[in-house]
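# Chains, contacts and geometry: an overview
For reference, the chains in residue letters:
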Amino acid sequence: MTDPAVNAAQPAPGSAPRGLDLDRLGAYLAAHRPELAGPLSARLIVGGKSNLTYLLRAGDREVVLRRPPLGHVLATAHDMAREHRVISALAPTDVPVPATLLLCADSDVIGAPFYLMEKVDGVVYRRRAQTDPLTAGQRRELTMAMMDTLAALHLVDPAEVGLADFGRPEGYLARQVRRWAGQLDRSRSRPLPGIDELRDALAGSVPEGANAGRIVHGDYRLDNLLAVVDPVAVRAVLDWEMATLGDPLADLGLLLTYWSVLGDSDLAEGNPVADGIGPRAGFPNGAELIDRYAGRSDVDVGPLHWHVALGCFKLAVICEGIHYRHTLGQTLGEGFDRIGEMVAPLVEHGLHTVREK
């Protein structure tokens, strides 16, 4: 993977950020992937706000290591085996993913399960400093490539790639509401006006879920893609920790939450997850994203409003969890101090959207 923060400097020989034990890792690789045995060095790839991603240099080769966050890991989240499985299964499809190299379920090696994957060349477009230099045409093409890739994912038949048992599509949407309500209860550290009302409104108006049974990424957005702009292409879809089988509109609704709710508000400026996206950053508006997706998929977008409200609830819970870990000193990297500010406006927009319909 290529990220501006990674390109700034190569890891110093023997250097290791928090979350990695290079001695133990080196011994494990020597036994299981000897071509990757030391000398090892690593650098945290800045930007990930949940699972941790490192650029690992093994001799003259660079690969990428993923592991769960430090401390306060919510139940059912941060499953390395699921990430590894879905990426491996999608390798022969039209969905661009990194090649997987190794899965280690033994927490004794570095303190948590982890997997390795190939480094993919490309840029994670996250900040205005990255997207402002793009031409209007490049912004549009990049947006449309993002939507085409999402449509391609949702057209994959899970059974054909060995993922028929990857989730339980029946009742997926109702379980999503219950799951994120449970995650919220495990992350509460301050009053959150309106969030319980939003939870109840969603639970009382779950749509039929006619689109259920597709592969769902779970956190699809521009800065979870590696892309290039000359010519424009998506090189890899990243961060599959919440992937499952379910309703593809959950992906589209969450993407629009990032794009139109956060990316078109005052919260976007300088925000680590919304700074460089959406109409305020010169990209096409949400309606154009929906049109592009609908034209390249067979998914009925009729109940999309409910999924946007679900996206607001889900993202509010995720942000509150990150805020909680930040208050405990369990986050690595910059930009966490503003995450908590996003919760209230997300709840407000979610309530407005679910009531409107």
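Residues numbered from 1 in each chain as written. Predicted model: local features only at pLDDT ≥ 70, side-chain atom pairs only at ≥ 80, totals over all residues. Heavy atoms only, no water.

## Topic: the packing of aromatic side chains
Per the counting criterion, the structure on display carries two aromatic pairs. Each ring, one from Tyr28 and one from Phe114, has its centre 6.0 Å from the other, and the planes form 70 degrees; the classification is edge-to-face. Linking Tyr28 in helix α2 (residues 22–32) with Phe114 in strand β5 (residues 114–118), this pair joins segments that are 86 residues apart in sequence. For the pair Tyr28 and Phe114, a shared accessibility class is recorded, and that class is buried. Ring geometry for Trp259 and Phe283: centres 5.4 Å apart, planes at 75 degrees, overall edge-to-face. Here Trp259 is found in helix α8 (residues 249–262), whereas its partner Phe283 is found in the loop between α8 and α9 (286–296), with 24 residues between them in sequence. Residue Trp259 shares its accessibility class with Phe283, and that shared class is buried. Taking the ring centre of Phe166 as reference, the NZ or CZ of Arg82 above it sits at 3.9 Å. (Phe/Tyr/Trp six-rings, centres within 6.5 Å; stacked < 30°, edge-to-face > 60°. Helix = DSSP H or I, 4+ residues; strand = E, 2+ residues; numbered from the N terminus. Buried < 20%, exposed > 50% of the residue type's maximum accessible area, 1.4 Å probe, protein only. Lys NZ or Arg CZ within 6 Å of the ring centre and 35° of its normal.)

## Digging into helix α10 (residues 304–327)
Helix length check: α10, at 24 residues, gives a terminal C-alpha distance of 34 Å against a target of 34 Å (1.5 Å per residue), a fit within 8%. Of all 24 residues in α10, 20 are buried; the element is thus mostly enclosed. Gly329 sits one or two residues past α10 and shows a positive phi near 75 degrees. (Expected span 1.5 Å × (residues − 1).)

## A few points about the sheet that holds β5
Pairing in this open sheet of five strands is antiparallel, and the strands run β1-β2-β3-β5-β4 from one edge to the other. Looking at the sheet topology across the chains shown, the edges are occupied by β1 (40–44) and β4 (100–104). The sheet shows a mean angle of 25 degrees between the axes of neighbouring strands, taken without regard to direction. The pairing of β4 with β5 spans four bridges and is classified as antiparallel. For Thr100, the partnering residue across the bridge sits in β5 and is Met117. Along the sheet face, helix α3 (residues 80–90) touches β3 (61–67), β4 and β5 and points at about 155 degrees away from the line of β4. (Pairing = 2+ DSSP bridges. Axes fitted to C-alpha atoms, helices over the stretch in contact; angles between N-to-C directions. Contact = heavy atoms within 4.5 Å.)

## Observations regarding the packing of helix α7 (residues 195–203) against α10
Two elements in contact, α7 and α10, have axes separated by 10 Å at closest approach and are oriented at 140 degrees. The chirality of how α7 crosses α10 is left-handed. Touching Ile195, Leu198, Arg199 and Leu202 of α7 are Trp306, Ala309, Leu310, Phe313 and Ala316, all from α10. Of the residues belonging to the contact of α7 with α10, the class tally is eight nonpolar, no polar and one charged. (Left-handed = near helix turned anticlockwise from the far one by under 90°. Nonpolar A, V, L, I, M, F, W, Y, C, P; charged D, E, K, R; others polar.)

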